[in-house]
Amino acid sequence: MPYINELHADQTALSVYVDLESNRHYSLVMSTRQDGFLFINAALKRKLQADQWQVLSIDSLYRVYRQPEIFLTIYGAPGLDNKQLFIGYPKSATQKPVVLNDNNLSVRPRVRTIYDNFLSLGLLFLLATHAFLFSFNSRAFYRFYSLRDLVSIRSQDDSFLINRPLSSTNTLFALNLSFVIAYLIVFVQSRNLDVFASRALLPGEQQLGWLVGEFFLLSGVAFLSLIGKYVALEIMGGLYKLQEVVNVHYFKILQSSLLFFTTLTLLLAIIAYNTSATTWAQNAILLPLIVFYAARLALLYFVIRSVDPIKNLYLFSYLCIVELIPLIIGLRFAL
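Quick summary incoming for the structure in this document. (Residues numbered from 1 in each chain as written. Predicted model: local features only at pLDDT ≥ 70, side-chain atom pairs only at ≥ 80, totals over all residues. Heavy atoms only, no water.)

**A closer look at the packing of aromatic side chains**
Working step 1: In this structure the tally under the stated criterion is 23 aromatic pairs.
Working step 2: Ring geometry for F125 against F179: centres 5.0 Å apart, planes inclined by 75°, an arrangement best described as edge-to-face. Pair noted here: F125 is in helix α3 (residues 118-136) and F179 is in helix α7 (residues 168-190), with a separation of 54 residues, a long-range link.
Working step 3: Assessed through its relative accessible area of 28%, F125 is described here as partly exposed.
Working step 4: By relative accessible area, F179 is classed as buried at 11%. (Phe/Tyr/Trp six-rings, centres within 6.5 Å; stacked < 30°, edge-to-face > 60°. Helix = DSSP H or I, 4+ residues; strand = E, 2+ residues; numbered from the N terminus. Buried < 20%, exposed > 50% of the residue type's maximum accessible area, 1.4 Å probe, protein only.)

**Some words on helix α9 (residues 243-274)**
Working step 1: Counted at 1.5 Å a residue, the expected span for α9 with its 32 residues is 46 Å, and the 48 Å between its end C-alpha atoms agrees.
Working step 2: Counting buried positions along α9 gives 23 out of 32 residues, so the element sits mostly inside the fold. (Expected span 1.5 Å × (residues − 1).)

**So, the environment of L61**
Working step 1: As for its position among the elements, L61 is in helix α2 (residues 58-65).
Working step 2: Classification of L61 as buried rests on a relative accessible area of 9%.
Working step 3: Along the chain, L61 and L20 lie 41 residues apart, while their C-alpha atoms are 7.6 Å from each other.
Working step 4: Apart from the residues within four sequence positions on either side, L61 is in contact with L20, L28, I40, L56, R66 and I70. (Contact = heavy atoms within 4.5 Å.)

**Looking at the sheet that holds strand β5 (residues 54-57)**
Working step 1: One open sheet accounts for three strands, arranged β5-β2-β7; its pairing is antiparallel. Edge positions in the sheet fall to β5 and β7 (83-88), since each has one partner strand and no second. Direction aside, the axes of adjacent strands within the sheet are offset by 20° on average.
Working step 2: Sitting on the sheet, α2 touches β2 (27-32), β5 and β7, and the angle it makes with β5 is about 55°. (Pairing = 2+ DSSP bridges. Axes fitted to C-alpha atoms, helices over the stretch in contact; angles between N-to-C directions.)

**Notes on the pattern of salt bridges**
Working step 1: Scanning the model with the defined rule gives four salt bridges in all.
Working step 2: As a salt-bridge pair, D59 and R24 come within 3.1 Å of each other at their nearest N and O atoms. Placement of D59 in helix α2 and of R24 in the loop between β1 (13-19) and β2 is noted, with a sequence separation of 35 residues between them.
Working step 3: R24 gets classed as partly exposed once you look at its relative accessible area, which sits at 30%.
Working step 4: As a salt-bridge pair, R296 and E323 come within 3.1 Å of each other at their nearest N and O atoms. Of this pair, R296 sits in helix α10 (residues 282-307) while E323 sits in helix α11 (residues 312-334), placing them 27 residues apart in sequence. (Salt bridge = Lys/Arg side-chain N within 4 Å of Asp/Glu carboxyl O.)

Structural data, given as structure tokens:
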């Protein structure tokens, strides 16, 4: 595009941009008079048999490529006359014409209820879990969501939240953090931003039931990761003889993560519901995460140093293994 017959009549490859976002629920239909090849975004997809129609679902292409448009190329015989490309909708050849009577009635598509929107239901669910935690243990709620307590270097080692990291209260707040992280992942996926570059994370249909199942599956994975984090801290603390700082370390992880991910989720939801034309970029999500983990690493260093005098070499090794190396591995898979 554009095709000029006097200039491109001998070209064996013709390309066109196909708008996927504006043609949802339609099909892409193509045919060639001679054998050829189909390329999508400069990647070979299939061989085109002569005089055979190839039908591609635009919804399937949109789910696979997660782009508003794709770059389609047909390679084969030169010229434009040997190739046909249409965007259409299937229609039965035996379909009978519909006769409308003037009875002052109009048929319109049923308006889908707002409760089919998972993002709205997810926000209501998170509001309910936070309200439950506030009513169940307001003292712990104020402690976890206190920015002043987070940035304080001197932690209260005798605190009931720090001394019992796997108590029912801490477990409930860890589970609530898992819900927030899972909602954030589903929210980012709904904006056509891949959490992992492979695009193989939880593929499926964009339906309410499937999204609910994905949400709880991600919540379970996040919760097990948090428990595994505490187990890793216990193991590394025993190796470096830093058992006395493990509980404080784990508490600060939960506290900082609850504050950051809850705030980030609320900000993204407010932006999404008030600016429908916002263009989402992966760096806009990835950059705050990098800044958060770097700031949390610095905070943990000063907090642990204040608990007990530790040699810097031991402390750096301990923090690198339990904090920095998992972050680097995560960014490697994300990028």
